[in-house]
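One letter stands for each residue in the lines below.
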Amino acid sequence: MKKLISILLILSMVLGMAGCSNEPAGNTEEEAQVEAMFTPGTYEGEAEGFHGTIKATVTVSETEITDLQVVHTETEGLGDKAIESIVIDIKENTSLGVPVVSGATYSSEGILKAVEAALEKAGADVQALKEKTVAGDEEVKGDIEKTADVVVIGGGGAGLAAAISAHQNGASVILIEKMPRLGGNTIISGSAYNSADPELQSGLEMTDLEKQTVESYISREESDPAVKEWQETLAAEWEEYKASGSTNLFDSPTLHKLQTYYGGDGKGSTELIDIFAENTLPSIKWLEDMGMEFKDYVFTVLGGLWNRAHKPEKPLGTGFVDTYTNYIEENSSDIEVLLDTKAVSFIVEDGAVTGVNAEGKNGAVTLYANNGVVLATGGFGANVEMREQYNTLWPSLANIKTTNHTGATGDGIVMSQEINASITGMEDIQLLPMGDPETGSLSGNIEQGVQNRIFVNKDGNRFVDEGSRRDVMTKALMEQTDSFMWVIVDKHSYPTGDTVNNFNESIDGLVEAGRAFKADSLEELAKQIGVDPENLVKAVNDFNAAVDGTMEDSFGRTLFADKLDTAPFYAGARVPTVHHTMGGVVITENAQMVDGNGVVIKGLYAAGEVTGGIHGTNRLGGNALAEITVFGRIAGESAALGK
Ligand code: ADP
């Protein structure tokens, strides 16, 4: 487990001293003529970063920042790079108009706000300091026109995988990203990656309830020939497993296919699910070959239904994005990345897509692709209008917050509709029952895996099988008072106070910040969170009896590990939040896009959340990162080879 890092960056007074030594002698008159910008002294300011408060201590002379110290608890990989480079930029330029650091927008903005708060106290004209802009390296000047073999639109997990895969297949690549950073939703995801993996699953015991689950998939009534074939394969694998006498958790790509298919109510394309589940493990190896590291265990992620989620060593999605950006840096002569560059339409010639029209920060960007364009712009979870336009499954989503980054606005879907591309499943919008009540984000979520936690409502009562599908849990949550619940865990999830969650936040830190509650008894915890202690104790006792197998779980839950019986007990508040949009553009097995008649659109490929047709009505937790990697690779290869 990585610890929350607390970095103290102290920049010395070197600049000030160097300034003195560089000044020509006898310059005092000139200095005196410079208008004073600050009241000299040392000032402090605070602002919220991605994961907590950022504190800036700024020392100013009359005309410049001479020292800047920043203390933060930002996530390693998301925050530390920002702090190093933006602190230097702010100080060296005495400016608040410095560019935010790509890959660390939230942290960059937090630092700028903290410094601004400090400078206000120094009497600074903050607006003037913001207008003192400093150009970033990536800034594109004027209209530009470029050509590459493959043009990728969108720099999240799917687009980055596609760019690299295209390069590995001999293509030169230009990737455009509308935001000032790479990563999209991928970098802020919990980053669970589902794959059957005999090596990592070998230490896990199989329970009787899990055996029944496998058998239930085999015996389901089915008419679709492809699904029937999966059932037959699973039956054969299951017989082989039983004959082996193994007590290990059973898993296989076939079980993963059936769970993905039924988890989405049989609406997903069996062809795409086949390719997906067969390629999750090879794609982990592909990532590992590029240097990405995963933890040596798997877990069951929220709504993942099975213990097969891999967890990267680095927090959130930074492991994926760092791996890809390292590759791109090493191959920068063949892969160009243009940030702040938003695709607006496809260039179509004789029915084939040959390029992309985009808007850069400083003008039009026209990109031509010799071999193919890959669309990887992600979903539309952050576009309230589009949610309202397509939503049929949920009550209005207008006022529901989202886990998504602000760039998840469905641009690629709109662009595709303009060229009559086929779109599917737009009404299938996924909500999680796991949003932070303030922000809707996944941060602050205290669950560590499905097996070891329960949900209770404001009365302290359980209300759902906490191991079930995401849509099932969210619908049940919406029926509770204020659509509000508490996640309850115990010491099994947090053996020590500095144990961190998926978002690299320590439980002690969350308790300190008032985002989680901690108590030595359930009664005391109930008091703290304002629920009926008797109900909470009963909910936990009943759950513990189901773990023991002495009582059937009232909600039909099948995924258990430890009892909730060891203090300290913890509670964290959660509400519904918009998370993923399963609908999008239709693709073939080669990730080619098709038109309304099902005819392939030459030159156009797609991967990731912008596509539809794989997950059906409900995506399994842990399937997104796996899917965007698998199909990102395929799209990149297909585009490079002009398949
Ligand atoms: P996926 O998981 O499918 O990769 P992400 O949300 O991680 O989805 O990444 C999608 C990326 O595409 C985001 O970084 C987003 O900012 C970017 N994007 C969205 N629309 C455009 C656009 N019009 N032009 C360029 N990039 C875009």
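Residues numbered from 1 in each chain as written. Predicted model: local features only at pLDDT ≥ 70, side-chain atom pairs only at ≥ 80, totals over all residues. Heavy atoms only, no water.

### Focus on the pattern of salt bridges
Phase 1: Per the counting criterion, the structure on display carries 28 salt bridges.
Phase 2: Where Glu239 meets Lys242, a salt bridge forms, and the shortest distance between an N and an O atom there is 3.4 Å. Of this pair, Glu239 and Lys242 are both found in helix α9 (residues 225-244), three residues apart, which corresponds to roughly one turn of the helix.
Phase 3: Given a relative accessible area of 47%, Glu239 falls into the partly exposed group.
Phase 4: Between Asp482 and Lys458 there is a salt bridge whose closest N-O contact spans 2.6 Å. Taken together, the residues span a long stretch of sequence, with Asp482 in the loop between α15 (470-478) and β17 (485-489) and Lys458 in the loop between β16 (454-456) and α15 at a distance of 24 residues.
Phase 5: For Asp482, a relative accessible area of 56% corresponds to the exposed category.
Phase 6: Residue class for Lys458 comes out partly exposed when judged on its relative accessible area of 32%. (Salt bridge = Lys/Arg side-chain N within 4 Å of Asp/Glu carboxyl O. Helix = DSSP H or I, 4+ residues; strand = E, 2+ residues; numbered from the N terminus. Buried < 20%, exposed > 50% of the residue type's maximum accessible area, 1.4 Å probe, protein only.)

### Some points on the site of the ligand
Phase 1: Contacts to the ligand come from 26 residues, most closely from Ala158, Glu177, Thr186, Ala343 and Glu609.
Phase 2: Gly157 is positioned such that a nitrogen or oxygen atom in its backbone is 3.1 Å from an oxygen atom of the ligand.
Phase 3: Contact distances for the ligand include 2.5 Å between an oxygen atom and a side-chain N or O atom of Glu177.
Phase 4: Considered on its own, the ligand offers 580 Å² of accessible surface; in the complex 98% of this is hidden by protein.
Phase 5: For the shell around the ligand, the secondary-structure elements that each account for two or more residues are α6 (157-168) and β11 (342-349).
Phase 6: For the shell around the ligand, a count of residues per class yields seven nonpolar, 14 polar and five charged. (Near = heavy atom within 4 Å. Polar contact = N/O pair within 3.5 Å; in protein donor to acceptor, adjacent residues only side chain to side chain. Areas by Shrake-Rupley, 256 points an atom, 1.4 Å probe, with all protein chains shown as cover. Nonpolar A, V, L, I, M, F, W, Y, C, P; charged D, E, K, R; others polar.)

### Side note on the domain arrangement of the chain
Phase 1: Taken domain by domain, the chain comprises domain 1 (36-131), domain 2 (143-191 + 317-428 + 582-598 + 606-623 + 636-643), domain 3 (195-314) and domain 4 (431-577).
Phase 2: Put simply, the middle of domain 1 and the middle of domain 4, counted by C-alpha atoms, are 37 Å apart. (Domains from an automatic or database assignment.)

### Some remarks on the packing of aromatic side chains
Pairs of aromatic rings are described using the distance from one ring centre to the other and the angle between the two planes.
Phase 1: Applying the stated criterion across every chain, the model contains 15 aromatic pairs.
Phase 2: Relative to Tyr261, the ring of Trp230 has its centre 5.8 Å away and its plane inclined at 80 degrees; by these criteria the two rings are edge-to-face. Placement of the pair is Trp230 in helix α9 and Tyr261 in helix α10 (residues 253-263), with a sequence separation of 31 residues. Taken individually, Trp230 and Tyr261 each receive the classification buried, so the pair is uniform in this respect.
Phase 3: Summarising the aromatic geometry, the rings of Tyr241 and Phe250 are spaced 5.4 Å apart at their centres and angled 75 degrees between planes, so their arrangement reads as edge-to-face.
Phase 4: Judged by relative accessible area, which is 5%, Phe250 ranks as buried.
Phase 5: An aromatic cluster is present here, built from Tyr217, Trp230, Tyr261 and Tyr262 joined pairwise through their rings.
Phase 6: Across the ring face of Tyr262, the terminal group of Arg220 is positioned such that the distance to the ring centre comes to 3.7 Å. (Phe/Tyr/Trp six-rings, centres within 6.5 Å; stacked < 30°, edge-to-face > 60°. Lys NZ or Arg CZ within 6 Å of the ring centre and 35° of its normal.)

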